[in-house]
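Below, each chain spelled out in residue letters.
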Amino acid sequence: MTARLIVVSNRIPTEAEPSGGLVVALHDCLTAQGGVWIGTSGTPVKTPEPELRQIAEGAYTRMVFDISEDEHEGYYLGYANSVLWPLFHRRADLMHVQPEYADHYMAVNTRLADMLADFAQPDDLLWIHDYHFLPLAALLQERGVTCRIGFFLHIPFPVVSDILALPQANDLKDWVAAYDVFGVQTEGDVARVMAHYRDDPDATFDTQGRMVALEDGVAPRHFPIGIDAQDFAALALAQADAVPLAMTLGQKLVLGVDRLDYSKGLVHRFDGFAAYLEARAPDTPKATLLQIAPPSREDVDAYKDIRTELEQAAGMINGAHAELDWTPIRYIRRNVERDTLASVYRRADVAMVTPLADGMNLVAKEFVAAQDPDDPGVLILSHFAGAAEQLTDALMVNPYDAAEVGEAVQTALTMPLAERKARHARLLENVMTENIAWWTRSYLGALRGTG
Ligand code: ADQ
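Residues numbered from 1 in each chain as written. Predicted model: local features only at pLDDT ≥ 70, side-chain atom pairs only at ≥ 80, totals over all residues. Heavy atoms only, no water.

Peer 1: I would appreciate a short explanation of the site of the ligand in the present structure.
Peer 2: Taken together, 23 residues lie around the ligand, and His154, Asp358, Met360, Leu362 and Glu366 are the ones closest in. Within the side chain of arginine 259, one N or O atom sits 3.0 Å away from an oxygen atom of the ligand. The separation between an oxygen atom of the ligand and a polar side-chain atom of aspartate 358 is 2.6 Å. Against a free-state accessible area of 720 Å², the protein chains account for coverage of 83% of the ligand. Breaking the shell around the ligand down by element, the ones donating at least two residues are helix 12 (338-347) and helix 13 (362-370). (Near = heavy atom within 4 Å. Polar contact = N/O pair within 3.5 Å; in protein donor to acceptor, adjacent residues only side chain to side chain. Areas by Shrake-Rupley, 256 points an atom, 1.4 Å probe, with all protein chains shown as cover. Helix = DSSP H or I, 4+ residues; strand = E, 2+ residues; numbered from the N terminus.)

Peer 1: Is there a simple way to think about the domain arrangement of the protein chain in this case?
Peer 2: Interface size, as often reported, equals the accessible area lost upon joining of the parts. With domains assigned, the protein chain is organised as domain 1 (5-226 + 436-448) and domain 2 (229-433). On a C-alpha basis, the centroid separation for the pair domain 1 and domain 2 is 31 Å. Summing both partners gives a buried area of about 1700 Å² for domain 1 against domain 2, and 60% of it is carried by carbon and sulfur. At the boundary of domain 1 with domain 2, the tally comes to zero salt bridges. Where domain 1 touches domain 2, the interface holds eight residue pairs in polar contact (both at pLDDT 80 or more). Counting only elements with at least two residues in the side of domain 1 that touches domain 2, the list comes to helix 2 (69-88) and helix 7 (187-196). If one sorts the elements of the side of domain 1 that touches domain 2 by residue count, helix 2 sits on top with five residues. (Domains from an automatic or database assignment. Buried area = accessible area lost by both parts, 1.4 Å probe. Salt bridge = Lys/Arg side-chain N within 4 Å of Asp/Glu carboxyl O.)

Peer 1: Please clarify how the pattern of salt bridges should be interpreted in this entry.
Peer 2: When charged atoms on two side chains of opposite charge get close, those side chains can pair. The full count for this structure, using the stated rule, is 22 salt bridges. Among the ionic pairs, arginine 53 bridges to aspartate 66, the shortest N-O distance being 2.8 Å. Of the two residues, arginine 53 is situated in strand 3 (residues 53-57) and aspartate 66 in the loop between strand 4 (61-65) and helix 2; the sequence distance between them amounts to 13 residues. You can call arginine 53 partly exposed: its relative accessible area is 35%. A residue is classified by how much of its surface remains accessible, and aspartate 66, at 12% relative accessible area, is buried. (Buried < 20%, exposed > 50% of the residue type's maximum accessible area, 1.4 Å probe, protein only.)

Peer 1: Hey, could you run me through the sheet that holds strand 15 (residues 378-382) in this one?
Peer 2: The parallel open sheet is built from six strands, whose spatial order is 13-12-11-14-15-16. Here the strands that pair on one side only, and so sit at the sheet edges, are strand 13 (329-332) and strand 16 (395-397). Here the strands of the sheet are splayed against their neighbours by 20° on average, with no regard to which way each runs. Where strand 14 (residues 350-353) lies against strand 15, four bridges are found, and the strand directions are parallel. The partner of alanine 351 across the bridge, within strand 15, is leucine 379. Across the sheet, helix 9 (residues 266-279) is in contact with strand 11 (252-257), strand 12 (287-292), strand 13 and strand 14; its angle to strand 12 comes to roughly 175°. The strands that helix 13 touches are strand 11, strand 14 and strand 15; relative to strand 15, the one it contacts most, it runs at about 165°. (Pairing = 2+ DSSP bridges. Axes fitted to C-alpha atoms, helices over the stretch in contact; angles between N-to-C directions. Contact = heavy atoms within 4.5 Å.)

Peer 1: Teacher, can you tell me more about the side chain of serine 263 here?
Peer 2: Among the structural elements, serine 263 can be located in the loop between strand 11 and helix 9. Given a relative accessible area of 3%, serine 263 falls into the buried group. Residues in contact with serine 263, not counting those within four places in the same chain, are Trp85, His89, Pro355, Leu356 and Ala357.

Peer 1: Just checking my understanding: could you explain the sheet that holds strand 6 (residues 148-152) for this structure?
Peer 2: Pairing between sheet strands relies on hydrogen bonds along the backbone, with the strands arranged either parallel or antiparallel. Taken together, eight strands build an open sheet; the order of strands is 3-4-2-1-5-6-7-10 and the sheet is mixed. Only two strands of the sheet have a single partner each, and these edge strands are strand 3 and strand 10 (220-222). Taking each pair of neighbouring strands and ignoring which way they run, the sheet shows an average axis angle of 20°. Here strand 6 runs beside strand 7 (residues 181-184); their pairing, made up of three bridges, is parallel. If you follow glycine 150 over to strand 7, its bridge partner there is valine 181.

Right under this line is the structure:
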């Protein structure tokens, strides 16, 4: 039997032809080499059976397993999104630690480990995605599974001092160490994983202090995730004038596109834009910040207030600066189609990608890919986005410093064409080269032990 690639992620694509960068890349990869994609079924049930259910068969197989209503509360809304997500995004203050959350998280991971232990063959490659399933490799090893198991963390790895806020801080060490490849987004993440093992007798460091091995595993490695840049650029070109933008926009368009999440720093962004408005000379072009941010995870307490907070901030700023023919901030609270998004990116003069913490941030890369190389927009990028390690030709900002962000908006709006083109060309080179196909190849090379 040939080796199969088995991908595990909390959500799996349900359509026959999935869309979205990561999903498409894995879909292409599984289509080419065959394999299985496993995830939760999406609808909690009363009593979940311990079995994987096939939902589609094509070039590869899709399988789902059920979780209970209590597990949805405890494993998904609880431990994953109210404990690990805030902790890993440097917001330990927003953690909601409950013993039953950890119990449900372990129950779901244990049931999945039992099912995978029956399913996986020694030659298979298991690729586990994200913080929902950190303990899986350790649990699979306990069940005698010997195939290679890799993990990829899409969000930042936390700093050591924050990890102490996790009651399972010691378990986290064992969970990470059980993987053959522990993949993270950036070199900064690698450094933070290593810091976690600094005093661990099983961790080996080379002469420059870099961790090279754990007792059973290999070193953490960074694989910065990319997008299908060629495809996105073609879409943006095709959609260039497809979306008419309303009259109330200023002459210049500044764009923000995010899920409504506290990690994305949206209120800080509005404050930075307000600083630009306050310092703006009256005879300069009027710019509108168009912020597209659909609510997410509204069942989690920490998300309930963000929407109101953001609407209030936009209302106050517009109250102070709006004119009869100009609304400085427009906030759209819904998802937009990919085609529309590509069109709006291309039309934008500036993108503000200013998260307070972000694993990578694909919006930054999509914006770069969507630009007209002969008249490109300018990317303003937070130091705290993983993308900052690659996209060094963006205007880099500290999102906590409203005055600095305001100055960056002013600089971006008045940047000469030659500088815009030069910066964009270097950004585009990176986005096109280190694209999603490159990422998949790099990761799977490492997992196979050939890269
Ligand atoms: P996310 O936190 O979801 O992903 P991001 O990387 O920005 O963040 O990806 C968001 C995706 O959703 C982009 O493709 C974007 O176009 C789309 N999107 C966002 N807002 C939208 C809207 N209003 N309408 C339509 N589409 C919208 C997590 C991590 C990131 C990491 C990715 C991939 O938090 O840091 O980059 O995984 O690893």
